[in-house]
Amino acid sequence: MDHSLPPETRLVESELCAIFGLGRTRLRQVLQRLAHERVVTLMRNRGATVAKPSIAEARDVFAARRVIESNLVETFIKSATRKDMKQLHEHLAREEDAWRNHDRRAMIKLSGEFHLLLAEAAGNSILLQLLRDLVSRSSLIIAAYQAPGAAPCPPDAHRHLTASLERRERGAIKLMVHHLQHVFDDLMLEDLKAVLGNRQ
Ligand SMILES: [Zn+2]
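Quick caveat, the model's predicted, so the values are computed rather than measured. (Residues numbered from 1 in each chain as written. Predicted model: local features only at pLDDT ≥ 70, side-chain atom pairs only at ≥ 80, totals over all residues. Heavy atoms only, no water.)

Some words on the domain arrangement of the protein
- For the protein, the domain assignment lists domain 1 (10-50) and domain 2 (55-185).
- One C-alpha centre belongs to domain 1, the other to domain 2; they are set 28 Å apart.
- The partner domain 2 presents five residues to the four residues of domain 1 that form the contact.
- Of the roughly 400 Å² buried between domain 1 and domain 2, counting both surfaces, carbon and sulfur atoms make up 64%. (Domains from an automatic or database assignment. Contact = heavy atoms within 4.5 Å. Buried area = accessible area lost by both parts, 1.4 Å probe.)

So, the coordination of the zinc ion
- The zinc ion binds to the protein through His115 (NE2), Cys153 (SG), His158 (NE2) and His179 (NE2); the donor distances cover 2.0 to 2.3 Å.
- When the donor residues of the zinc ion are listed from N- to C-terminus, their spacing reads H-x37-C-x4-H-x20-H. Of the two residues, Cys153 sits in the loop between helix H6 (125-145) and helix H7 (155-166) while His179 sits in helix H8 (residues 171-187), which places them 26 residues apart along the sequence. Of the two residues, Cys153 and His179, both sit in the buried class. (Donors = N, O, S within 2.8 Å, 3.2 Å for Na, K, Ca; no water. Helix = DSSP H or I, 4+ residues; strand = E, 2+ residues; numbered from the N terminus. Buried < 20%, exposed > 50% of the residue type's maximum accessible area, 1.4 Å probe, protein only.)

A few points about the pairing of strand S2 (residues 40-43)
- In the sheet, S2 pairs with strand S3 (residues 47-50) via four bridges, with the strands oriented antiparallel. Within the sheet, the bridge partner assigned to Val40 lies in S3 and is Val50.
- Between S2 and S3, which pair antiparallel one after the other, the connecting turn spans three residues, and Asn45 there sits at a positive phi close to 65°. (Pairing = 2+ DSSP bridges.)

Shown next, in the form of structure tokens:
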């Protein structure tokens, strides 16, 4: 989630067992589960690595997020409480701190959590679970395809979105869609664009 292990990092079982104080059987169950969530790749006889999402997967993950998060924003506008709004503002302040301190790891982690916080407030546990998986995978996608030094979700995008949510504007749905599209477009390297250009 915070890019401390980049895509394709080898995960050595004995080291992980030592770090987490787990037996091999338990560790393998955990790796299986992470593989199921597509954040780890298991290869026969070659152990586990941090997954590197493909270009097609990157496109599909962000397309799915646009659908799910439009719906979550719509629900949020209708049902958010004052406490939900307060939590969003508190979260924004943490993001802005991380931004000011150039704490890239915290920025990446917090930017994903902003989206999850909104989903939690919207109150659909199924969509929340789906989004959790998609946000983890987005973090790997950003690690794999973002230009070096580029920002994850810029905090001003979240600030504009929060302001619009506070006013309960339906325009917030469009802002969210544009925001996710923007994050995806920023990933696009030239060769990536060429590949997708041929398919669309
Ligand atoms: Zn964002």
